[in-house]
Amino acid sequence: MRIGMGYDVHKLVEDRKLILGGVEIPYEKGLLGHSDADVLVHAIMDALLGAAALGDIGKHFPDTDPQYKGISSIKLLEHVGALLQENGFEIGNIDSTIVCQRPKLAPYREEMVHNIANALQINENQVGVKATTEEGLGFTGEGLGISSQAIVLLK
């Protein structure tokens, strides 16, 4: 068994969609990035790739490559899932946390879990998605950005 940890952060800006776990969430700002900047999926991909010793998302999907401009991170997650299968790994479980002051994410959690499980071809009960605030502290608490952490178990 192998354990992997992933972390990602993106700045909140105007004129961008807010995508988390493959879900478009209504909000006045979105995350800045080369792809759709889905911090939740990025943290999960880094955790999976790290656990399998296959590098990180920068290695597989460099932000200098125009083919990834604006791409859905769920599509990239599907590719990571295929890499894991090709290398003989099976996902035990994924546990993740999104850190943001607002918007409230509880109404979207089930759809995020569904999207992640579907992309990786695993059961929804193998995916945990939580959200928390930082009580107004730091860049996430001030509403300047959103971060996410993920831990995975591979067999």
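Described below are features of the structure shown in this document. (Residues numbered from 1 in each chain as written. Predicted model: local features only at pLDDT ≥ 70, side-chain atom pairs only at ≥ 80, totals over all residues. Heavy atoms only, no water.)

**Looking at the pattern of salt bridges**
Summed over the entire model, instances satisfying the criterion amount to 2 salt bridges. Between Lys17 and Glu24 there is a salt bridge, with its nearest N and O atoms 3.9 Å apart. Taking relative accessible area as the criterion, Lys17 reaches 54% and is therefore assigned exposed. Its salt-bridge partner being Asp95, residue Lys130 comes within 2.5 Å of it at the nearest N-O pair. Linking Lys130 in strand β6 (residues 127-132) with Asp95 in strand β5 (residues 91-99), this pair joins segments that are 35 residues apart in sequence. For Lys130, a relative accessible area of 37% translates into the label partly exposed. (Salt bridge = Lys/Arg side-chain N within 4 Å of Asp/Glu carboxyl O. Buried < 20%, exposed > 50% of the residue type's maximum accessible area, 1.4 Å probe, protein only. Helix = DSSP H or I, 4+ residues; strand = E, 2+ residues; numbered from the N terminus.)

**Focus: a nonpolar patch on the surface**
Taken together, the side chains of Ile3, Met5, Tyr7, Val9, Phe139, Leu144 and Ile151 define a hydrophobic patch exposed on the protein surface, amounting to about 700 Å² of accessible area. Ranked by residue count, the leading element in the nonpolar patch is strand β1 (residues 2-13), at 4 residues. As for its position among the elements, Val9 is in strand β1. (Patch = residues over 30% accessible without salt bridge, like charges linked within 9 Å, V, L, I, M, F, W, Y side chains within 5 Å. Areas by Shrake-Rupley, 256 points an atom, 1.4 Å probe, with all protein chains shown as cover.)

**Details of the packing of helix α3 (residues 73-86) against helix α4 (residues 109-120)**
Packed helix pairs are specified by the crossing angle of their axes together with the interaxial distance, meaning the distance between the axes. It is the contact of α3 with α4, at a shortest axis distance of 8 Å, that shows an interaxial angle of 40°. What the angle tells us is that α3 and α4 run oblique. Taking contact as the criterion, the partners of Ile74, Leu77, Glu78 and Gly81 in α3 are, on α4, Asn115, Ile116, Ala119 and Leu120. A breakdown of the residues in the contact of α3 with α4 according to their chemical character gives 5 nonpolar, 2 polar and 1 charged. (Axes fitted to C-alpha atoms, helices over the stretch in contact; angles between N-to-C directions. Parallel < 35°, antiparallel > 145°, perpendicular 65-115°, else oblique. Contact = heavy atoms within 4.5 Å. Nonpolar A, V, L, I, M, F, W, Y, C, P; charged D, E, K, R; others polar.)

**Examining the environment of Ile25**
Here Ile25 shows up in strand β3 (residues 23-25). The exposure class assigned to Ile25 is buried, which follows from its relative accessible area of 2%. Considered as a pair, Ile25 and Gln85 are 60 residues apart in the sequence and their alpha carbons are 31 Å apart. Sequence-distant contacts of Ile25, that is, excluding residues within four places in its chain, are made with Leu18, Leu20, Pro103, Leu105, Tyr108 and Met112.

**Remarks on the sheet that holds β6**
Across the sheet, 5 strands lie side by side as β4-β1-β7-β5-β6; this open sheet has mixed pairing. Across the chains shown, the open sheet's two edge strands, defined by having one partner strand only, are β4 (30-31) and β6. As paired elements, β1 and strand β7 (residues 145-154) share 10 bridges and run antiparallel to each other. In the sheet register, Lys11 faces β7, and the bridge partner there is Gly145. (Pairing = 2+ DSSP bridges.)

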